[in-house]
Amino acid sequence: MRSTTPRAALRRAAGGFAAAGLMAAGSLTLTAPAQAAVPAFTLGGPAETALHPYPATGAPQKASLDFTVNNPSEDEENGAFQGEYTVRFDLSGIEGVADVSFGDEGGADCTTTGTRAVCHDWGIFPGLSTLAELDVTAAQGSEDGDTGTIEVTAEADGATFTSFTALVGVGGPDLSMERLPFTTELEPGDTQPVPVTFTNNGTRAADGVLLTLRYTRGMEFTERYQNCEYSESDLGMGSPGAWTTALCSFDGSYEPGVAYTLAEPPAIRATERAFYDSFLYRVEENGSAARAAQRAGAEYSPGKGATLALRKAPAALTADLDPSDNQQDVDFRTANSADFAAYGDRAEGDAGDSVEVNVGFRNRGPAWIGYIRSGEDVATVDVTVPEGASVVTKPGTCRGVTADGEYREDQTAAPRYFCSTPMSVREDADFALPFELKIVKRVEGASGKVVVRNTHLAEPKLPFDPEPANNTASLVLNAGDSGSGDSGATTGDGDAASGGSAATGGSAGGAGDSGGSASGGSGGTTGSSATGSSSTGTTGGDSGGGLAATGSVALTIGVAALAALAAGGVLHTVSRRRAAR
């Protein structure tokens, strides 16, 4: 029997306190509460697991199986199930096939008796939680091809559970991807072959293979193939179309001990948008589970070009026995730049009036900018409020600071705001930030400032932007009819205010996209107006496209995020605390 874990003890104690509190509360209740719906939970885990055969010498290689429970409630504060529950594992189906012991994950107390295991725990919180981790190895005397099942059920007073069955087998294919020697320092237009090569190091043939090719916005393949299907999505990066995924299917039997390569290697090219980019290439046995994992709910369309084919490689390289080596990835750095041009706005109003203004910047390209690995914001929009005005509402991506850019606890009526971008900015992006200002005191020609800069205040230069002169624009109130200089909102490169909206086409998405605001804020609007007075604004030069909303992810081998790379997703979400900059 495994001893009680600290987590289980805390949960049990919390359960006792919760029960005591409920009893105390119940003694004061004069009427019976309405009957609540019985919560329903779903048990889960790996549908199929392949084990390395029992070795002739040495210890068998184990696989870890995480069994989970899903609480579908979206109420983080009140959606937890407050009570004891019991999980039962029926291991009779794998007797003689695999041996099982309990690992360290999960907070349950588990005992095993023969081919039965029972775990007790308290509390099921919203979302997916680990019930228990089972360490599984091939049993001594088992043979290649043996299979069996683990049946998982659970029970609790006042709740129902959907059972789960896990299939376990001995032996299988082991598709291992060779790492390719790419040139990673590029110029726009550079093209290089992608001679994908893999080996089946397993104990049986793979029945068809699925090749996944996933690449960021600055890269593209020179041809699309009819046995591949394609999808574009942001995968958490905050820009529509940040990633393209190609799923290529190959029928046939791919034998153990044999290497395979693409008969005619496709070519990947750095486009005029390229700057920081990544490319992932993955192989696995073609099946419904693999395709579902790679699809991840995206919509795919078929290619219409030639057929991409596999052939045996000249020599062998030295459910999958070792899925950790099924994929490789590479980062590209292309010599390129992006011109971030700030734009301001102007408005008219009397004391007591509220006016709406849009400020921000446009990426005039040619490159898109995506900080794929670090997940850091690309830039900060630094907004100084004009004299005599105070901010009533602001985008959620903006935080108030002091006039010197220092931390400020009170977020109302700050003199200055730092507004964060996502971790990627498309080459056609318009990052529009709508503010509502109250004119406390009418000051003729009151001028604030809009600066798009690096995220570090002490080092404001954008490292990729060769045109710093247009990184600054004006935000002007009550300019009168002067219409020039600081009396109008400019982009910093001579585009004077000419009336109309401050952001045309500034949706938080790609060009023509109608996505939401940046990072959950209210950025990405398409116009500005003044409530209680008239308002004019600047187009800042060009209309631009839209900018994707949010995302903080880093590419890893194993999601980002990026549901992660090895599991068929791509990105692993990077949490970070932003200090006031």
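Because the structure is a prediction, the values reported are computed rather than measured.

With that settled, the discussion passes to the nonpolar core. Nonpolar side chains tend to gather and get buried jointly when the protein is soluble and globular. Membership of the largest hydrophobic core comes to 39 residues, with the highest contact counts inside it found for F340, I369, F435 and F464. Among the secondary structure elements, those contributing two or more residues to this core are strand 26 (338-343), strand 28 (354-366), strand 30 (380-384), strand 31 (389-393), strand 33 (416-420), strand 35 (430-439), strand 36 (446-453) and strand 37 (472-477). When residues in this core are grouped by element, the largest group, 5 residues, is from strand 35.

A few words on the packing of aromatic side chains. Under the defined criterion, the tally for this structure stands at 22 aromatic pairs. Both rings, one in Y85 and one in F161, keep their centres 6.3 Å apart while their planes meet at 35 degrees; by these two values the pair is tilted. Pair noted here: Y85 is in strand 4 (residues 81-90) and F161 is in strand 10 (residues 160-162), with a separation of 76 residues, a long-range link. Across the pair, exposure class does not vary: Y85 and F161 are buried alike. Judged by centre distance (5.9 Å) and plane angle (80 degrees), the rings of F182 and F279 are edge-to-face. Note that F182 is positioned in the loop between strand 12 (175-177) and strand 13 (185-186) and F279 in strand 22 (residues 276-285), a separation of 97 residues in sequence. No difference in accessibility class separates F182 from F279, as the two residues are buried. A network of ring pairs unites the aromatic residues F275, Y276, F340, F361, Y371, F431 and F464 as a single cluster. When the ring centre of Y230 is taken as origin, the NZ or CZ atom of R224, which lies over that ring, is 4.4 Å away. Positioned over the ring face of F418 is R453, at 4.5 Å from the centre of the ring.

Attention shifts here to the pattern of salt bridges. Tallying each qualifying case throughout the model produces 16 salt bridges. A salt bridge links K62 to D135, with the shortest nitrogen-to-oxygen separation between them at 3.5 Å. A residue pair is termed long-range when its members are at least 10 positions apart, and K62 in the loop between strand 2 (48-51) and strand 3 (63-71) and D135 in strand 8 (residues 127-138) qualify at 73 residues. A relative accessible area of 52% places K62 in the exposed class. Taking the shortest distance from any N to any O, the salt bridge between R204 and E285 comes out at 3.4 Å.

With that settled, the discussion passes to the confidence of the model for the chain. Detailed reading of the predicted coordinates is not advisable wherever pLDDT falls low. Looking at the chain as a whole, its pLDDT mean stands at 78, while 73% of the residues score no less than 70. Across residues 1-32 the pLDDT falls below 50, and counting only partners more than four positions away or on other chains, this stretch makes 31 contacts in the model. Scored below 50 in pLDDT, residues 483-581 shows 344 contacts in the model against residues more than four places distant or in partner chains.

Once that is clear, we can look at the sheet that holds strand 5 (residues 98-102). Backbone-to-backbone hydrogen bonds pair the strands of a sheet. The strands run either parallel or antiparallel. The mixed open sheet is built from 5 strands, whose spatial order is 5-8-3-1-10. Two strands in the sheet have a free side with no partner beyond their single neighbour: strand 5 and strand 10. Averaged over all pairs of adjacent strands, the angle between their axes in this sheet comes to 30 degrees, without regard to strand direction. Alignment of strand 1 (residues 40-44) against strand 3, held across 3 bridges, turns out to be antiparallel.

The next thing to look at is the sheet that holds strand 11 (residues 164-170). Taken in spatial order, the 6 strands line up as 2-11-9-4-7-6 in an open sheet, and their pairing is mixed. Each edge of the sheet is formed by a strand with only one pairing partner; in this case those strands are strand 2 and strand 6 (109-113). The sheet shows a mean angle of 20 degrees between the axes of neighbouring strands, direction not considered.

Definitions and limits used
Residues numbered from 1 in each chain as written. Predicted model: local features only at pLDDT ≥ 70, side-chain atom pairs only at ≥ 80, totals over all residues. Heavy atoms only, no water. Core = buried A, V, L, I, M, F, W, Y, C linked by side-chain atoms within 4.5 Å. Buried < 20%, exposed > 50% of the residue type's maximum accessible area, 1.4 Å probe, protein only. Helix = DSSP H or I, 4+ residues; strand = E, 2+ residues; numbered from the N terminus. Phe/Tyr/Trp six-rings, centres within 6.5 Å; stacked < 30°, edge-to-face > 60°. Lys NZ or Arg CZ within 6 Å of the ring centre and 35° of its normal. Salt bridge = Lys/Arg side-chain N within 4 Å of Asp/Glu carboxyl O. pLDDT = per-residue confidence, 0-100. Contact = heavy atoms within 4.5 Å. Pairing = 2+ DSSP bridges. Axes fitted to C-alpha atoms, helices over the stretch in contact; angles between N-to-C directions.

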